[in-house]
Amino acid sequence: QVQLVESGGGSVQAGGSLRLSCAVFGHIRDDYSMGWFRQTPGKEREGVAGIAAIGGSTYYADSVKGRFTISQDNAKNTLYLQMNSLKPEDTAVYYCAASFWGSRALKLSPQDYNYWGQGTQVTVSS
């Protein structure tokens, strides 16, 4: 069974940086795309960034474009989200996820993702 485990969350002041990691355990198909999502209490889960399994194409939500960078190691067993210039509005629980929908997954619709981590809390103070 595939498991995704996030780490790297914490508290940081506005303008600071954090790097989230997502370790992939178990067998996952090479054609799965990966993504990062976040959710704040009272709000729907929203897509943050995605990366295609083949080709490495990336997509970012407008709210994080230019500040966040999604990447993965060569073995594709770890997904990263480098977050710079953090803002209080970035405060949320961040989830990594995997999708078998290929390029469609880059639309960052939660319903297109098949595996999810438990999330890691990111708190940005002003």
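Small disclaimer: the values here were computed from a predicted structure and weren't measured. (Residues numbered from 1 in each chain as written. Predicted model: local features only at pLDDT ≥ 70, side-chain atom pairs only at ≥ 80, totals over all residues. Heavy atoms only, no water.)

Further remarks concern the sheet that holds strand S8 (residues 78-83). The strand order across the open sheet formed by four strands is S1-S3-S8-S7, and the pairing between neighbours is antiparallel. Strand pairing shows two members of the sheet lacking a second neighbour, strand S1 (3-7) and strand S7 (68-72), which therefore form its edges. Strand after strand, the sheet turns through a mean of 15 degrees between neighbouring axes, direction not considered. Note: S7 against S8, five bridges, orientation antiparallel. Residue pairing for S8: Thr-69 is matched across the bridge by Gln-82. (Pairing = 2+ DSSP bridges. Helix = DSSP H or I, 4+ residues; strand = E, 2+ residues; numbered from the N terminus. Axes fitted to C-alpha atoms, helices over the stretch in contact; angles between N-to-C directions.)

Taking every second residue as pointing to the same face, the buried face of strand S11 (residues 120-125) carries Thr-120, Val-122 and Val-124, while none of Gln-121, Thr-123 and Ser-125 on the other face is buried. Alignment of strand S2 (residues 10-13) against S11, held across four bridges, turns out to be parallel. The residue of S11 that forms the bridge with Ser-11 is Thr-123. Alignment of strand S9 (residues 92-99) against S11, held across three bridges, turns out to be antiparallel. Bridge assignment links Ala-92 to a residue of S11, and that residue is Val-122. (Buried < 20%, exposed > 50% of the residue type's maximum accessible area, 1.4 Å probe, protein only.)

This paragraph deals with the pattern of salt bridges. Applying the stated criterion across every chain yields a total of five salt bridges. The salt bridge involving Asp-90 is made with Arg-38; its shortest N-O contact spans 2.9 Å. Taken as a pair, Asp-90 in the loop between S8 and S9 and Arg-38 in strand S4 (residues 33-39) lie far apart in primary sequence, 52 residues in all. We classify Asp-90 as buried; its relative accessible area is 0%. You can call Arg-38 buried: its relative accessible area is 5%. (Salt bridge = Lys/Arg side-chain N within 4 Å of Asp/Glu carboxyl O.)

It is worth spelling out the side chain of Arg-38 at this point. In terms of polar contacts, Arg-38 uses its side chain to reach the side chain of Glu-46, at 2.9 Å. Residues contacting Arg-38, with those up to four places away along its chain left out, are Glu-44, Arg-45, Glu-46, Val-48, Ser-63, Val-64, Phe-68, Glu-89, Asp-90, Ala-92, Val-93 and Tyr-94. (Polar contact = N/O pair within 3.5 Å; in protein donor to acceptor, adjacent residues only side chain to side chain. Contact = heavy atoms within 4.5 Å.)

For the rest of this paragraph, the subject is the nonpolar core. Among soluble globular proteins, nonpolar side chains are generally buried collectively. Judged by nonpolar contacts, the single largest core of 29 residues is most densely connected at Trp-36, Leu-81, Met-83 and Tyr-94. Among the elements of the structure, strand S3 (18-25), S4, strand S5 (46-51), S7, S8, S9 and S11 are those that each provide at least two residues to this core. One finds Phe-37, Ala-97, Ala-105 and Leu-108 within the second-largest nonpolar core, a separate group that totals five residues. (Core = buried A, V, L, I, M, F, W, Y, C linked by side-chain atoms within 4.5 Å.)

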